Amino acid sequence: MKKLIKRLLVACLGLSAVLGGGGDLLPAMVEAHGERATEPYIRTRTVHWYDMTWSKDSIAVNDTYTIKGKFRLFSDWPDAAARPELLYVSAYGPGAVLTRVESRLNGLPAQQSFRGGELGRDYEFEITMKGRVPGRWHVHTIVQVEGAGAIVGPGKWIEVTGSASDYKQSLETMTGNKIDDLQTYKVADAQRYHLFLGAFALAWLLWWLRRPLIIPRWLAIQKGRSDLLVRPIDDKVAAAMVGVMLLITVVGYHNATQAYPYTVPLRGGWTKIPTQPLPEEKVRVDLTHAEYDVPGRSLRMRANITNTLDKPVRIGEFMTAELRFINKALPAAVANVTPGYPQELLPGQGLKVDNDLLAPGETRSVYIEATDAVWEVERLVSFLSDVDSRIGGLVFFWDEKGERYVSELHGPIVPVIKGHGTHMSM
Amino acid sequence: MTENDREVLRVAGLSGDTARWSRTFDYLIIVVAAFLVLAVTYINFLLLAGDWDFFTDFKDRQYWVVIYPIVQIMMAAAFQAVFWTLFRLPFGATASAFLFGLGVWLVRYHSWMGMAHFPLTLVVPGTFMVGAMILDGILTVSRAWLVTGLFGGTLFGITFYASNWIVFAPYFQPVENMGQLSSLADVIGYVFPRAGTPEYIRIIERGTLRTFSDSSTWVSVFFSCFICIFMYMLWWLIGAFACKAASVPTGDRFKLLFGMKPAEATK
Ligand SMILES: [Cu+2]
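Going along each chain's sequence as written, the residues are numbered from 1 onward. A letter from A marks each chain and a number from 1 marks each ligand, given out in the order of writing. The predicted nature of this model means local features are confined to residues of pLDDT at least 70 and side-chain atom pairs, given and counted, to a pLDDT of 80 or more, with totals for whole chains, interfaces and linings taken over all residues. Only hydrogens and water are set aside when side-chain values are computed; all heavy atoms of the structure are taken into account.

(A) Seen up close, the overall build of chain A. Per the convention used, a helix needs a DSSP run of H or I reaching at least four residues, while a strand needs a run of E reaching at least two, with both numbered from the N terminus. Within chain A, the regular secondary structure consists of seven helices and 22 strands. The 426 residues of chain A split such that 52% are buried. Long-range pairs, those at least 24 residues apart, make up 70% of the contacts in chain A between residues at least 6 apart in sequence. Using the Shrake-Rupley algorithm and a 1.4 Å probe, accessible areas are obtained, with residue cover drawn only from the displayed protein chains. Of the roughly 18100 Å² of accessible surface on chain A, 55% is carried by carbon and sulfur atoms. Three exposure classes are used, based on accessible area relative to the maximum for each residue type with a 1.4 Å probe and protein chains only: buried under 20%, partly exposed in between, and exposed over 50%. Every residue pair with non-hydrogen atoms within 4.5 Å of one another is taken to be in contact.

Here it is, written out as structure tokens:
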């Protein structure tokens, strides 16, 4: 008896130990909205989203809306993140509350991932989503880069109204089969089949469990009478079970191949992104000094700006980590903000610049200041504890005719800690 | 109670109250063992096969077909070894497959559909119940683990793919999506977005297998059979070894509880 208990316990313990034991039985649910947790060097120096539009703020179940925009793969991509050799473009909310109807990158279907993202270039995307679960959802565009992780774009609330049970996604296969609802197609068949097999399994378990079990069988083995424990009838039942299982498999497989003679394997390849011409920087921005005033929550920069155009330009916007600091003195820049852009990403004080009118061919040092509590709220100030402590973003210029020019800005940044004052001003 | 049952009880020296007590003990053990078998099978699968069986559009004809049976035959073999060595009960594999199926469907409903809003079409699980019952059947008839490993292991690998194709064939119908040829499974994965799971994370037919073209599934199946045989043997031995170890002390009180004299019980 002692031996039996010991062995039972040890067998169980041994097995669980071998497996490392414990752990969570449920799959780890990756929730969205890690946007503020993402490292600032990722948010300020990898993917810059701009010209974003959302066709609607509110849709009914089964209605669609489209998110359009561009993103720049930033030239000063941090060394700590893998280069965008392989990337996937998408939009997501918390779970599949919205479904994807269509998505394109530079005009190509974005069902699969793309190879060959190039730094310094712009990519145009378009994603159409359909309402499925009613609620108010924060939906982000996202570029996932192999080795660097998820890089999210601006989050925008979308209201889905109606009833989830009305949702429907039907389609027709190339062999002419009409699928009424993609959410449930053939699920009942799968469950019936599993129940059918489960009934056999349960019957086999009960066949043994109904007899005197643990202690009597163990003692019988100890006394050398294991011959009693598996009877001739058990052999017959076991053989029949093997036969039935093989029969189910052969017949079932045959029927399945007859019913679906044309099947295709899962898609495996990736698409090369068609390269578009490198955007030419008509206005060059060379950062000479940047500092972040910790108590003042203010980013102050001085840059040598060269206008190579034959017309004057002014600074209209500085954008980084989806935050848009707008120069409110420039109507073209203010007009460039579409009404639907998330307010929390438009800092109230906007952008302060001094004497930013650049004559054709002129090179001049310009002061740029972006002050707002949003630096703290968005947890962006930890760039001060990075190993490379750099800042990056896009600067938008406008000429008198309202034409826009986009330039990259990047360089080292230093903190200004309380009591030491600033060594920079207008 | 059959004649055979009475004979077993007689040989074991249990009658009347002790027999009834032992039956109560059986029920207790069944509950505890069921939970343990489920948890161990599930955790083992999560650790070693990860997300290959989570999503319909992860079930490719190369890795899924190879990895699923190789991982599941481990616990099937180990539990067979434990239950057979200690009690001559040939149901370790079936118990593992049946309980795993129960657990998997529970999680599909609770977490995948309930918490992440995934439709069931995206998360239909595979099953190894057919292979498990074949393993148990062969062990019963042959009473030999080497024979079970050789024939059972082979059939386990073959029947996994064939018996699951019954469920999954419709999900591989050709569909046109944005002008591209896709399988229905791909489209389901596309329509219902997964946060944090970029497309490139799927490992679909990498390497030179594609050169086998249409027969590549069967190449995978036979490779899987081959590995299953050795996996079975390895894990049978691990299970059997676990039965031999003896280091947990059990006192005389415990034995007395079952109406046995300590001296007799260890005889
Ligand atoms: Cu969000």
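Anyway, onward from the coordinates.
(B) Region of the structure containing the state of the cysteines. Whenever a pair of cysteine sulfur atoms sits within 2.5 Å, that pair is classed as a disulfide. Under the defined criterion, the tally for this structure stands at zero disulfides over all chains. Its sulfur unpaired, B:Cys225 is 6.5 Å from the next cysteine sulfur, which belongs to B:Cys228.

(C) Up close: the sheet that holds strand S20 (residues 390-399) of chain A. Residues and elements named next belong to chain A. If you walk across this open sheet you meet the four strands as S17-S16-S20-S21, and the pairing is antiparallel. In this open sheet, the two strands that pair with only one neighbour each are strand S17 (323-326) and strand S21 (404-412). Ignoring strand direction, the axes of neighbouring strands in this sheet form an average angle of 25°. Note that S20 and S21 share nine bridges and pair antiparallel. Each bridged residue has a counterpart across the sheet, and for tryptophan 398 the counterpart in S21 is arginine 404. Think of it this way: DSSP has to see at least two bridges between two strands before they count as a pair. Only the stretch in contact is used when a helix axis is fitted, and all axes are lines through C-alpha atoms; the angle between N-to-C directions ranges over 0 to 180 degrees.

(D) Structural context of unusual backbone geometry. The phi dihedral of A:Asn62 is positive, around 80°, even though this residue is not glycine. Tracing the backbone shows A:Asn62 in the loop between strand S2 (58-60) and strand S3 (64-73). In this structure, B:His117 is a non-glycine residue whose phi angle is positive, near 60°.

(E) Inspection of the pattern of salt bridges at higher detail. One side-chain nitrogen of Lys or Arg within 4 Å of one carboxyl oxygen of Asp or Glu is enough to make a salt bridge. One pass over the structure, following the stated rule, counts 35 salt bridges over all chains. Here A:Arg104 makes a salt bridge to A:Glu102, at a shortest N to O gap of 2.7 Å. In this structure, the salt-bridge partner of B:Arg143 is A:Asp235, at a minimum N-O distance of 3.1 Å. A residue pair is termed interchain when its members come from two chains, as with B:Arg143 in the loop between helix H5 (129-142) and helix H6 (145-168) and A:Asp235 in helix H5 (residues 232-259). Residues joined by salt bridges that share partners form a network here, namely B:Asp57, B:Asp186, B:Arg194, B:Glu199 and B:Arg202.

(F) Representation of the UniProt feature "transmembrane region" (unreviewed entry) in chain B. UniProt's feature table lists "transmembrane region" (unreviewed entry) at residues 27-50, 62-83, 89-107, 119-139, 145-168 and 218-238 of chain B, given in the numbering used throughout. Secondary structure content for residues 218-238 of chain B is 100% helix and 0% strand, while the C-alpha to C-alpha distance between its ends is 30 Å. UniProt positions are given in the numbering used here, feature names are shortened, and annotations may be inferred rather than shown by experiment.

(G) Looking closely at the domain arrangement of chain A. Residue ranges for the domains trace back to a domain assignment, done automatically or taken from a database. One can read the domain layout of chain A as domain 1 (34-174), domain 2 (187-259) and domain 3 (283-416). Computed from C-alpha atoms alone, the centre-to-centre distance between domain 2 of chain A and domain 3 of chain A is 72 Å.

(H) Summary view of the packing of aromatic side chains. To pair, rings of Phe, Tyr and Trp, with the six-membered ring standing in for Trp, must have centres within 6.5 Å; the planes then decide the type, stacked if under 30 degrees apart, edge-to-face if over 60, and tilted in the middle. Under the criterion given, the structure shown has 43 aromatic pairs over all chains. Every member of this aromatic cluster is reached through a ring pair, and the members are A:Tyr185, B:Tyr42, B:Phe45, B:Trp64, B:Tyr68, B:Phe100, B:Phe128, B:Phe156, B:Phe160, B:Phe168 and B:Tyr171.

(I) Geometry of the packing of H5(A) against H6(B). It is at 8 Å that the axes of H5(A) and H6(B) come closest, and there the two elements cross at 45°. It follows from the interaxial angle that H5(A) and H6(B) lie oblique. Viewed along their axes, H5(A) and H6(B) form a crossing whose handedness is left-handed. In this structure, H5(A) contributes A:Leu246, A:Ile248, A:Thr249, A:Gly252, A:Tyr253, A:Ala256 and A:Thr257 to the contact, and H6(B) contributes B:Leu155, B:Thr159, B:Tyr161, B:Ala162, B:Ser163, B:Trp165 and B:Ile166. Three residue categories are used. Nonpolar comprises Ala, Val, Leu, Ile, Met, Phe, Trp, Tyr, Cys and Pro, charged comprises Asp, Glu, Lys and Arg, and polar comprises the others, including Gly. Across the contact of H5(A) with H6(B), the residue classes break down as nine nonpolar, five polar and no charged. Geometric relationships in this document are graded by angle, where less than 35 degrees denotes roughly parallel, more than 145 denotes roughly antiparallel, 65 to 115 denotes roughly perpendicular, and other angles denote oblique. Handedness of a crossing follows from how the near helix is turned relative to the far one, being left-handed for an anticlockwise turn of less than a right angle and right-handed for a clockwise one.

(J) Highlighting the confidence of the model for chain B. Residue and element names in this part refer to chain B. A score between 0 and 100, pLDDT records how confident the predictor is in each residue. For chain B, the mean per-residue pLDDT works out to 88, and 88% of the residues sit at or above 70. Here helix H10 (residues 262-265) stands out as the element of chain B with the lowest mean pLDDT, 50, in contrast to H5, whose mean of 97 is the highest. Confidence metrics for the complex model read pTM 0.86 and ipTM 0.90.

(K) Highlighting the sheet that holds strand S14 (residues 283-293) of chain A. Residues and elements named next belong to chain A. On the basis of which strands lie adjacent, the open sheet formed by five strands has the order S18-S19-S15-S14-S22 and mixed pairing. Edge positions in the sheet fall to strand S18 (351-354) and strand S22 (414-416), since each of these pairs with one other strand and no more. For this sheet, the mean angle separating the axes of adjacent strands, direction not counted, is 25°. Bridge analysis of S18 against strand S19 (residues 363-371) gives four bridges, and the strand direction is antiparallel. Of the residues in S19, the one forming a bridge with aspartate 354 is tyrosine 367.

(L) Local environment of the nonpolar core. Core analysis: the biggest nonpolar cluster contains 202 residues, and A:Phe71, A:Phe397 and B:Tyr171 have the highest contact counts within it. If one sorts the elements of this core by residue count, helix H3 (residues 63-87) of chain B sits on top with 20 residues. In this view, A:Phe71 contacts A:Val47, A:His48, A:Trp49, A:Val89, A:Leu105, A:Arg121, A:Asp122, A:Tyr123, A:Phe125 and A:Val143; residues no more than four positions away in its chain are not counted. Put simply, buried Ala, Val, Leu, Ile, Met, Phe, Trp, Tyr and Cys residues joined by side-chain atoms within 4.5 Å make one nonpolar core. By size, the runner-up hydrophobic cluster in this structure holds six residues, among which are A:Leu228, A:Leu229, B:Val8 and B:Val11.

(M) Broad picture of helix H7 (residues 184-191) of chain B. By the criterion of burial, H7(B) is predominantly enclosed, with eight of the eight residues buried. Buried within H7(B) are the following residues: B:Leu184, B:Ala185, B:Asp186, B:Val187, B:Ile188, B:Gly189, B:Tyr190 and B:Val191.

(N) Fine view of a nonpolar patch on the surface. Residues and elements named next belong to chain B. A patch is a set of surface residues, each over 30% in relative accessible area and not in a salt bridge, joined within 9 Å for like charges and within 5 Å for the nonpolar side chains Val, Leu, Ile, Met, Phe, Trp and Tyr. The grouping of Val147, Leu150 and Phe151 at the surface amounts to a nonpolar patch, some 270 Å² of accessible area in total. Counting through the fold element by element, valine 147 comes out in helix H6. According to the relative accessible area criterion, valine 147 is partly exposed, its value standing at 33%.

(O) Representation of the pairing of S14(A) in the model. Residue and element names in this part refer to chain A. In the sheet, S14 pairs with strand S15 (residues 298-307) via ten bridges, with the strands oriented antiparallel. Its bridge partner being in S15, tyrosine 292 is matched across the sheet by leucine 299. Sheet topology places S14 next to S22; three bridges connect them, and they run parallel. Note on S22: the bridge partner recorded for tyrosine 292 is proline 415.

(P) A look at the interface of chain B and chain A. Chain B puts 132 residues into the contact, and the matching count from chain A is 119 residues. Here the quantity called buried area is the total loss of accessible area, with a 1.4 Å probe, experienced by two parts when brought into contact, counted for both. Both sides together, the interface formed by chain B and chain A hides about 11300 Å², and carbon and sulfur atoms give 73% of it. When the buried area of chain B at its contact with chain A is split by residue, B:Phe87, B:Tyr190 and B:Tyr200 rank highest and sum to 7% of it. The tally of links between chain B and chain A comes to one salt bridge. Counting of polar contacts relies on pairs of N or O atoms within 3.5 Å, with two restrictions inside protein: one atom must be capable of donating a hydrogen and the other of accepting it, and residues adjacent in sequence are counted only when both atoms are side-chain atoms. Summed over the shared surface of chain B and chain A, the number is 36 residue pairs in polar contact (both at pLDDT 80 or more). Among the elements that take part in the side of chain B that touches chain A, helix H2 (residues 17-49) of chain B stands out by supplying 14 residues, more than any other. Looking at the side of chain B that touches chain A residue by residue, the classes come out as 85 nonpolar, 28 polar and 19 charged.

(Q) Structural detail: the confidence of the model for chain A. On average, residues of chain A score 87 in pLDDT, and 89% of them reach the 70 mark or higher. Low pLDDT, under 50, characterises residues 12-32 of chain A; the predicted model gives this stretch 37 contacts beyond four residues in sequence or across chains.

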